[in-house]
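Letter by letter, the chains look like this.
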Amino acid sequence: MLFKAENISKIYGSGASQVTALHRANLEIASGEFLSVMGPSGSGKSTLLHLLSGLDVPTEGRLSYDGQEIYKLRDRELSAFRRRRIGFIFQQFHLLPVLTARENILMPLLLDKGRVDNAYFDELTGILGICDRLEHLPHELSGGQQQQVAIARALIAKPDIIFADEPTGNLDSKSGAEVMRLLRDIWETMGKTLVVITHDDRIAKMAARRVVIMDGILSEEGAAR
Ligand code: ADP
Ligand code: MG
C-alpha cells in the first residue's frame, strides 16, 4: 500500500460561513495505480488533492504513506517529503516566465540540491517530445507544450506519485488529449502512481480506477453507496 487516507475532513471558515469541502473521505492507493477523481466545480477535488499531498492539513483524519503518518511531520520534513515523493501538475502550468523550459524542469532539483541525472532528463524530454524546445521561454511555447514542460518538471525528482489537478483544463481538446496520452504513456512505461483530477468524464474514463466526489463526499465508481 502506497498511501492510506482515513476519515479526512476539511472545514473552511467558521460560524455561518462554514463550508465542509470534504467530509470523512477514505481512500487507499496502491503503488502503480492510475486513478481519476471526478466531480463538478466546487465539489472538493482540489481540497482532496491538497490534503492527500500534504499541501494542507485536514480538520480531522489521518494520512499515511508507507505507514508513515504525514500530518504529524514537522514543516521542514513535510516539505522535503513533498519535494522528493510527489510530483504536481496544475491546470495553470505554473512555469516561471523568466526561466527557459530546461531551467523550469530542473528547478525542483535546484531547490533540493539534487544532482541532475542527464540520461533521465533526456529520456523524459524525449518521451514528452520537447527536446527541441528546451531553450525557449514559456511564452514562446503553446499551451500543450507548456504543460509538457510542467509534466517533465513534476517527474524530474523521480517521485513515486503524480497528482494532476485538471491538467487539461486550460487546453483545447486536441492538446488536452495529447497531454493525457503522454501522462498515460508515462504511467505505463515508468510505473508511476498517477492521480488525475478532472471534471471531464472522457478524461476520467481513461483511468483504470475511478473515484467520484459530490459535495465533499467521495465514492468509488461502481461501488454501492
Ligand atoms: P473543486 O476543486 O472541486 O472545484 P474545491 O476543493 O476548490 O473544489 O472547493 C470545495 C469547496 O470548498 C467550495 O465550496 C469552495 O468554495 C470551498 N473552498 C475551497 N477553498 C477554500 C478556502 N481556502 N476558504 C474557504 N472555502 C474554500
Ligand atoms: Mg479545483
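Here the structure is shown first, and the text comes after it.
Residues numbered from 1 in each chain as written. Chains lettered and ligands numbered in written order. Predicted model: local features only at pLDDT ≥ 70, side-chain atom pairs only at ≥ 80, totals over all residues. Heavy atoms only, no water.

Q: Is there a simple way to think about the nonpolar core in this case?
A: Across soluble globular proteins, you tend to see nonpolar side chains buried next to one another. Counting 36 residues, the largest nonpolar core has Ile105, Ile151 and Ile156 as its most contacted members. Looking at this core element by element, the count peaks at seven residues for helix 6 (residues 173-190). Membership of the second largest hydrophobic core comes to 30 residues, among which are Ala5, Leu27, Phe88 and Ile161. (Core = buried A, V, L, I, M, F, W, Y, C linked by side-chain atoms within 4.5 Å. Buried < 20%, exposed > 50% of the residue type's maximum accessible area, 1.4 Å probe, protein only. Helix = DSSP H or I, 4+ residues; strand = E, 2+ residues; numbered from the N terminus.)

Q: Just checking my understanding: could you explain the packing of helix 4 (residues 118-128) against helix 5 (residues 143-155) for this structure?
A: The angle between the axes and the distance between the axes are what describe a pair of packed helices. Between helix 4 and helix 5, the least distance of the axes is 10 Å, while the angle of their chain directions is 150°. What the angle tells us is that helix 4 and helix 5 run roughly antiparallel. Relative to helix 5, helix 4 is oriented so that their crossing is right-handed. Mapping the contact onto sequence places Tyr120, Leu124 and Leu128 in helix 4 and Gln148, Ile151, Ala152 and Leu155 in helix 5. Residues that form the contact of helix 4 with helix 5 fall into these classes: six nonpolar, one polar and no charged. (Axes fitted to C-alpha atoms, helices over the stretch in contact; angles between N-to-C directions. Parallel < 35°, antiparallel > 145°, perpendicular 65-115°, else oblique. Left-handed = near helix turned anticlockwise from the far one by under 90°. Contact = heavy atoms within 4.5 Å. Nonpolar A, V, L, I, M, F, W, Y, C, P; charged D, E, K, R; others polar.)

Q: In this structure, what is going on with the site of ligand 1? I would like to understand it.
A: Residues in contact with ligand 1, as listed here, are Tyr12, Val19, Ala21, Pro40, Ser41, Gly42, Ser43, Gly44, Lys45, Ser46 and Thr47. Between ligand 1 and the protein, one listed contact pairs an oxygen atom with a backbone N or O atom of serine 43 at 3.2 Å. Contacts to ligand 1 include threonine 47, whose side-chain N or O atom sits 2.6 Å from an oxygen atom. Listed by contribution, the elements that provide at least two residues to the shell around ligand 1 are strand 2 (19-29) and helix 1 (45-52). No other element matches the three residues that helix 1 contributes to the shell around ligand 1. Class assignment of the residues belonging to the shell around ligand 1 gives a composition of four nonpolar, six polar and one charged. (Near = heavy atom within 4 Å. Polar contact = N/O pair within 3.5 Å; in protein donor to acceptor, adjacent residues only side chain to side chain.)

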